[in-house]
Amino acid sequence: MMEMNYHLVMPWIVVLSAIFLVRSSLAATYNVGDSTGWATPTGGDPYATWASQHTFVVGDVLVFSFISGSHTVANVTRSAFDGCNTGNPLSVQTNGPASFTIDTVGSHYFICTILNHCSLNQKLTITATASTTNAPSPRSPPRAPSPNFSPPLKNGVGAPAMANRTIYLMLMFIGFLLCLN
Ligand SMILES: *[C@@H]1O[C@H](CO)[C@@H](O)[C@H](O)[C@H]1NC(C)=O
Ligand SMILES: [Cu+2]
């Protein structure tokens, strides 16, 4: 039986898993519908399928690609989404490509307000979780609620992003050292 060199393989698995975890929880830009862009489906619910194939975090940017005048993208409530009610959107973008930045945790609803496009499933809902850069690290010990807790300062926002960059550099360095062996 061939003996596995676990001491050689394991560090790689750890490093690659860590890189994957860090990457997958960082904000990204998504082209909605990929190469199809933002179009009226000819059947099925392709945007539900598309959404199910991705995970979203706060800070992600959704880019809807369409020819201005052919479609729109409206940010709507859940009930407007469900009922394809185009009358009272929270906000509408009429020029393509249109970008929406996901700014809060939870569900976000988008529909096209042109004709019956929404009823033909030109609609997208996504659910975003907190990004690593906004969330406390899962490894930090649970913090006791403090009576004089103050919200983080605005100018501290860059610090967690910096920590991520440090993790990247450390992982790259570890990978580099492993290559030398
Ligand atoms: C949608 O509209 C609501 C209400 O104005 C707003 O809070 C939310 O950030 C908007 N969502 C996006 C993705 O722009
Ligand atoms: Cu449309």
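Going by the annotation in an unreviewed UniProt entry, the name recorded for the protein is Phytocyanin domain-containing protein, with Tagetes erecta given as the source organism.

This part covers the overall build of the protein. Scanning the protein for helices and strands turns up four helices and eight strands. Across the 181 residues that make up the protein, the buried fraction comes to 28%. Considering only residue pairs separated by 6 or more positions, the protein has 74% of its internal contacts joining residues 24 or more positions apart. Looking at the protein as shown, the accessible area adds up to about 12000 Å², and 63% of this sits on carbon and sulfur atoms.

Another aspect to go through is the coordination of the copper ion (ligand 2). Surrounding the copper ion (ligand 2) are the protein donor atoms His 71 (ND1), Cys 112 (SG), His 117 (ND1) and Gln 122 (OE1), at 2.0 to 2.3 Å. Taken together, the four donor atoms coordinating the copper ion (ligand 2) span angles of 91 to 132° at the metal, a pattern that classifies the geometry as tetrahedral. Counting along the primary sequence, the residues that act as donors to the copper ion (ligand 2) give the motif H-x40-C-x4-H-x4-Q. Placement of His 71 in the loop between strand 3 (61–64) and strand 4 (73–76) and of His 117 in the loop between strand 7 (106–111) and strand 8 (123–129) is noted, with a sequence separation of 46 residues between them. Taken individually, His 71 and His 117 each receive the classification buried, so the pair is uniform in this respect.

Core analysis: the biggest nonpolar cluster contains 20 residues, and Trp 38, Leu 62, Phe 64 and Leu 124 have the highest contact counts within it. Where this core is concerned, the elements lending two or more residues are helix 2 (46–52), strand 3, strand 6 (98–101) and strand 8. Residue contacts for Phe 64: discarding those within four places in its chain leaves Val 32, Trp 38, Val 73, Pro 97, Ala 98, Phe 100, Phe 110 and Leu 124. Core analysis: the second largest hydrophobic core is formed by eight residues, Val 76, Ala 80, Cys 84 and Tyr 109 among them.

A separate point is the site of ligand 1. Neighbouring residues of ligand 1: Asn 75, Leu 90, Phe 100, Thr 101, Asp 103, His 108 and Phe 110. At 2.3 Å, a side-chain N or O of Asn 75 approaches an oxygen atom of ligand 1. Interatomic distance of 2.5 Å between a side-chain N/O atom of Asp 103 and an oxygen atom of ligand 1. For ligand 1, whose accessible area on its own is 360 Å², the fraction buried by protein is 62%. Those elements giving two or more residues to the shell around ligand 1 turn out to be strand 6 and strand 7.

What counts and how
Residues numbered from 1 in each chain as written. Chains lettered and ligands numbered in written order. Predicted model: local features only at pLDDT ≥ 70, side-chain atom pairs only at ≥ 80, totals over all residues. Heavy atoms only, no water. Helix = DSSP H or I, 4+ residues; strand = E, 2+ residues; numbered from the N terminus. Buried < 20%, exposed > 50% of the residue type's maximum accessible area, 1.4 Å probe, protein only. Contact = heavy atoms within 4.5 Å. Areas by Shrake-Rupley, 256 points an atom, 1.4 Å probe, with all protein chains shown as cover. Donors = N, O, S within 2.8 Å, 3.2 Å for Na, K, Ca; no water. Tetrahedral: all angles 85-135°; square planar, octahedral: opposite > 155°, others 65-115°. Core = buried A, V, L, I, M, F, W, Y, C linked by side-chain atoms within 4.5 Å. Near = heavy atom within 4 Å. Polar contact = N/O pair within 3.5 Å; in protein donor to acceptor, adjacent residues only side chain to side chain.

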